[in-house]
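Here are the chains, one letter per residue:
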Amino acid sequence: MTRNHIRFLLNGDEVTLTECGARDMLLDFLRVNRRLTGTKEGCAEGDCGACTVLVGRLHEGVLRYDPVNACIRPLAACDGCHTVTVEALHGADGSGSLHPVQRAMVEAHGTQCGFCTPGIVMALYALWLTNPRPSREEVARALQGNLCRCTGYGPILDAAEAAASAGGQEADALMRRRDEVARALAAMRDGRRVEVAREHDRAILPGSVDDLAAALMEHPDATIVAGATDVGLWVTKHLRDIAPALFIAHLPELRRTDVDGDTLIIGAGVTWDEAEQMVAQHLPEALPYWHRVAGWQVRAAGTVGGNIANGSPIGDSPPLLIALGAEVTLRQGDARRTVPLERYFIAYGKQDRQPGEFVESIRIPLPAPGTRIAAEKISKRPDSDITAVAMGLALTIEDGRIATARIAYGGMAGIPRRAPTVEAALTGAPLAEASFEAAAQAVAQDFTPLSDWRASADYRRLVAGNLIRRFWLSQPEAQREAAE
Ligand SMILES: Cc1cc2nc3c(=O)[nH]c(=O)nc-3n(C[C@H](O)[C@H](O)[C@H](O)COP(=O)(O)OP(=O)(O)OC[C@H]3O[C@@H](n4cnc5c(N)ncnc54)[C@H](O)[C@@H]3O)c2cc1C
Ligand code: FES
Ligand code: FES
């Protein structure tokens, strides 16, 4: 049985919509339909954070709130979620008084023209709820996805610290309503397929992953939408028709991370943020790299599966995952196949994915003990910026020699791919500076990069080699001296 409406919570209200196209974005609904104009539109492409709202959703019985960009959040994807806008914030004594985060922003002079302020307040509110005692570094990370043209950020960082000191989470209206909201969201889940449309613009939310497989067989050319941090821009910036669109981020089966023996498994609907804990535990060397992906709002919505499936030569997950020997599991109907990730990328714009097929999960072999891992990203801005060159590296060492070497780059070719000559220069070579120097020089034989506005070909070649030199220099000094 198909349901022909979406329903969700918006602040304190339940909303039911029968007319909703795949291209309808939450921000327009809030501002135009509901006149909730506290949520601002700055860029309409996920960059500035002025449109930040909180989205609460149930996963395995736990209600989790994340900050997301309403400008690229499809309204259809709000089905079964709780959207919280800045209008819902108030002090513990009821409406009219300022929330501790808002008061801290006022008192620390964290706002000037005020355009960015609601979005910054919502990002800081999300941090205040989930991490009551953040370090300065964690505050800065929470604000990676928020731009402010006026304050210079110092007062905003001070405001976050003041809000943390003020505390008051237990009296927060959202915290007090958690159980009630969780019950309401659970009641909205009926496991049915949802189909809604605005004229021909059709959105389908399958009822389960099996239903997704069936729906894709019915509509093999449908646009799959996970976190919509790429697809959202096709709509807002390129005005593309994406109908029929098949939404997948709500499917619990795709949202699981798991460890199966010596393999890490990331479901295709797992966001960057949700995968972070697994990275921290099993691949700690890659954690700083993970934090360089976009900003919090995009990491909270965007999926690792979407990052792979989009086939981009500059997606940040493939270089690291290819170096680690990851595989991707694809499903078409009831049939599954698993391909090495490096073979999934065939040529620019061409992936090994058939019509009707979708990415179900990513499988990452746990590195053998002692494996040296590195992940590096070069971009114009340190935060929330797209990569010019990225490198993933995994080396195993035996008796002072490099036994195996897997090195992959993004931004150096039309697809993310390994560097065979670099790998050959390292394999069997002593763990010594000369080996890494030879490998750095071999980069030029593996790639003929393009020049574009992100970087010139010469810069890309130089920096790709320098990332190998950096790896050597980042090894503990005692080990480097012992190796020479
Ligand atoms: C402001 C901003 C900053 C960004 N910064 C970065 C960055 O630093 N590094 C980076 O790598 N990326 C970045 N991105 C790009 C984007 O966030 C990532 O690529 C993200 O991982 C995409 O995931 P998604 O779930 O949002 O994909 P979606 O937008 O939902 O989908 C992306 C593509 O994958 C397809 N797809 C999605 N899931 C599946 C599936 N399971 N099976 C088959 N096809 C599927 C879709 O049809 C679409 O073609 C940024 C984006 C924005 C807006
Ligand atoms: S309006 Fe800029 S991120 Fe949404
Ligand atoms: S206060 Fe003006 S943009 Fe931030």
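Since this is a predicted model, take the numbers as computed values, not measurements.

S.K.: Describe the nonpolar core, listing the residues and the values that go with them.
M.R.: Soluble globular proteins tend to bury their nonpolar side chains together. Ranked by size, the top nonpolar core spans 39 residues in total, and within it Leu54, Ile120, Leu124, Tyr125 and Leu143 carry the most contacts. Residue assignment for this core shows that the elements contributing at least two residues are β4 (52–59), β5 (62–69), α2 (100–107), α3 (117–130), α4 (136–142), α5 (154–166), α7 (178–188) and α12 (296–301). The greatest single-element share of this core, amounting to 10 residues, is contributed by α3. Counting contributing residues per domain, this core is built from domain 1 (2–87 + 177–247) and domain 2 (100–171), each supplying no fewer than three.

S.K.: An account of the site of ligand 1 is needed here, citing residue identities and associated values.
M.R.: Around ligand 1, 34 residues are found, and the nearest of them are Ile224, Ala226, Thr229, Thr303 and Asp316. One of the backbone N or O atoms of isoleucine 224 is found 2.6 Å from an oxygen atom in ligand 1. Taking 990 Å² as the accessible area of ligand 1 by itself, protein coverage stands at 95%. Counting only elements with at least two residues in the shell around ligand 1, the list comes to β9 (223–225), α9 (231–236), α13 (304–309) and β17 (357–365). When grouped by side-chain class, the residues that make up the shell around ligand 1 number 17 nonpolar, nine polar and eight charged.

S.K.: Can you tell me about the domain arrangement of the protein chain, naming the residues and giving the values?
M.R.: Domain annotation for the protein chain reports domain 1 (2–87 + 177–247), domain 2 (100–171) and domain 3 (256–483). A C-alpha centroid distance of 31 Å is found between domain 1 and domain 3. Of the residues lining the interface, 24 residues belong to domain 1; the matching set on domain 3 comes to 24 residues. When residues of domain 1 are sorted by the area they lose upon contact with domain 3, Arg64, Pro67 and Thr229 head the list and together hold 22% of the total. Arginine 381 is paired through a salt bridge with aspartate 47; the nearest N and O atoms lie 3.9 Å apart. Summed over the shared surface of domain 1 and domain 3, the result is five residue pairs in polar contact (both at pLDDT 80 or more). Looking at the side of domain 1 that touches domain 3, the elements that each hand over two or more residues are β4, β5 and α8 (209–218). Of all the elements, α8 adds the most residues to the side of domain 1 that touches domain 3, at six residues.

S.K.: Which residues make up the sheet that holds strand β8 (residues 201–205), and what values go with them?
M.R.: Reading across the sheet, the five strands line up as β1-β7-β8-β10-β9 and stay open at both edges, with mixed pairing between neighbours. Edge positions in the sheet fall to β1 (2–3) and β9, since each of these pairs with one other strand and no more. Two strands pair when backbone bridges link them, and β9 and strand β10 (residues 245–247) are joined in this way by three bridges, in the parallel orientation. Along β10, the bridge assignment pairs threonine 223 with alanine 245.

Parameters and conventions
- Residues numbered from 1 in each chain as written.
- Chains lettered and ligands numbered in written order.
- Predicted model: local features only at pLDDT ≥ 70, side-chain atom pairs only at ≥ 80, totals over all residues.
- Heavy atoms only, no water.
- Core = buried A, V, L, I, M, F, W, Y, C linked by side-chain atoms within 4.5 Å.
- Buried < 20%, exposed > 50% of the residue type's maximum accessible area, 1.4 Å probe, protein only.
- Helix = DSSP H or I, 4+ residues; strand = E, 2+ residues; numbered from the N terminus.
- Domains from an automatic or database assignment.
- Near = heavy atom within 4 Å.
- Polar contact = N/O pair within 3.5 Å; in protein donor to acceptor, adjacent residues only side chain to side chain.
- Areas by Shrake-Rupley, 256 points an atom, 1.4 Å probe, with all protein chains shown as cover.
- Nonpolar A, V, L, I, M, F, W, Y, C, P; charged D, E, K, R; others polar.
- Contact = heavy atoms within 4.5 Å.
- Buried area = accessible area lost by both parts, 1.4 Å probe.
- Salt bridge = Lys/Arg side-chain N within 4 Å of Asp/Glu carboxyl O.
- Pairing = 2+ DSSP bridges.

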